[in-house]
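A structural walkthrough
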Amino acid sequence: MATENFKCKFCAECSGLACAGELPGMGGVFGGKNNILNCAAWKKFFSELNPTQIQNAESKLNEVGAEFFRLAPITGAVENIGWNDEESFYAPFVKSCAQAKIGLSIGDGIPDQKLLSGINAVRALAPQRAAVFLKPYPQQKLFERIEWAADIMEFLGIDIDAYNIATMRGKAHLEKKTAAQLRELRRLAKIPFVVKGVFTKADLDLVKELQPDVAIVSNHGGRVETDIGSTAEFLQNNFAFLKKHCGQVWVDGGIRTRQDAIAAAALGAEQILLGRPLISAFCKSGEQGVKNFCAHLAMQ
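Please read all numbers here as calculations on a predicted model, not as lab measurements.

One open sheet holds the eight strands; their spatial order is E1-E8-E7-E6-E5-E4-E3-E2, and the pairing between them is parallel. Every interior strand has two partners, whereas the edge strands, strand E1 (69-71) and strand E2 (105-106), have only one. Sheet topology places strand E3 (residues 130-134) next to strand E4 (residues 153-159); five bridges connect them, and they run parallel. Across the sheet, valine 132 pairs through a bridge with leucine 156, a residue of E4. Seen against the sheet, helix H9 (residues 231-245) touches strand E5 (193-198), strand E6 (214-217) and strand E7 (248-252) and runs at an angle of roughly 170° to E7.

Scanning the entire structure with this criterion turns up one cavity of 30 Å³ or more. In this structure, the largest cavity encloses a volume near 40 Å³. Every residue along the wall of the largest cavity is listed here: Leu71, Ile74, Tyr90, Phe93, Val94, Ser105, Ile106 and Gly107. Sorting the residues of the lining of the largest cavity by element identifies helix H4 (87-99) and E2 as the ones contributing at least two each. Considering every element that reaches the lining of the largest cavity, the biggest residue donor is H4, with three residues. In the lining of the largest cavity, the residues fall into six nonpolar, two polar and no charged.

With that out of the way, let us pick up H9. Helix length check: H9 (15 residues) gives 18 Å between terminal C-alpha atoms against 21 Å at 1.5 Å per residue, more than 12% under. The largest bend along H9 reaches roughly 65° and is located at asparagine 238. Of all the residues in H9, the buried ones are Thr231, Ala232, Phe234, Leu235, Asn238, Leu242 and His245. Against the buried residues of H9 lie helix H1 (33-47), E5, helix H8 (201-210), E6, E7 and helix H10 (258-266).

Our next topic: the packing of aromatic side chains. The description of an aromatic ring pair uses the distance of the two centres, along with the angle that the planes make with each other. Scanning the entire structure with this criterion turns up 11 aromatic pairs. An aromatic cluster of three or more residues is present, and its members are Phe6, Phe10, Trp83, Phe89, Tyr90, Phe93 and Phe282. The lysine or arginine in question, lysine 44, covers the ring of phenylalanine 45, its NZ or CZ lying 4.8 Å from the ring centre.

Conventions adopted
- Residues numbered from 1 in each chain as written.
- Predicted model: local features only at pLDDT ≥ 70, side-chain atom pairs only at ≥ 80, totals over all residues.
- Heavy atoms only, no water.
- Pairing = 2+ DSSP bridges.
- Helix = DSSP H or I, 4+ residues; strand = E, 2+ residues; numbered from the N terminus.
- Contact = heavy atoms within 4.5 Å.
- Axes fitted to C-alpha atoms, helices over the stretch in contact; angles between N-to-C directions.
- 1 Å grid on protein atoms, 1.4 Å probe; cavity = no way out; pocket = protein on both sides within 12 Å on 5 of 7 lines; lining within 4 Å.
- Points joined across faces, edges and corners; volume = space filled by probe spheres on them.
- Nonpolar A, V, L, I, M, F, W, Y, C, P; charged D, E, K, R; others polar.
- Expected span 1.5 Å × (residues − 1).
- Bend = angle between axes of the 7 residues up to and from the residue.
- Buried < 20%, exposed > 50% of the residue type's maximum accessible area, 1.4 Å probe, protein only.
- Phe/Tyr/Trp six-rings, centres within 6.5 Å; stacked < 30°, edge-to-face > 60°.
- Lys NZ or Arg CZ within 6 Å of the ring centre and 35° of its normal.

What follows is the structure, given as structure tokens:
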């Protein structure tokens, strides 16, 4: 598969350095700082684990298998990835992740075709379902989007940190959601409800008030303007608090290797979301690249 048009640099080690300031693209805000911190932190935490912790985390990963991993919500195939058009990206990409036996997610964006293409990609795999992550639009627009995706939703998620996301700034009306607004969405969907983008003290307070089914520790891969830091460190510092106030705690950001996954499991994560490494594997080697990468994570 030709790679000259893709925005990923296909680095031997994905550290966030080569694409640091590229947004749109594979980089992030603040010169890519949080993406770089995310990638580095998992290695640090793995190096600090003792043999018993590693063994216990390995046992957890072996028991759960590929279900410990989930595709992160991806949109912006043209501007962020370098694909020729939006519509032709999602179906083969989502299918390749389903064939690798990992959980699925789809994302939201401008124009609506991004979300609709993801919905159609999952619908083509019926009875496969996916976590559907919506941007924090005004309530009425979210009600409509929930209806669009109702038949394929395994979870309904809201990107609570995306109200000021750089790539949509000036293109859409997004808002910082309250617990009351999120509760209204959960009642409407009547399926497990997820808040994604937990990375600040205010986010912790929101989780405590809302008591969601899943809270995802995330700084949007370093692509939103939030606190500076890594998701690994935030997970370590706040897992016990989050677990007290939600059903499950998931994490994303910077996970690239089996050792990173072990570190995440040791810090308490019950599921991991993967974005950039799956995109890179798919753009470089198609469905086989995704299959090989997922096998590497699950079985290394």
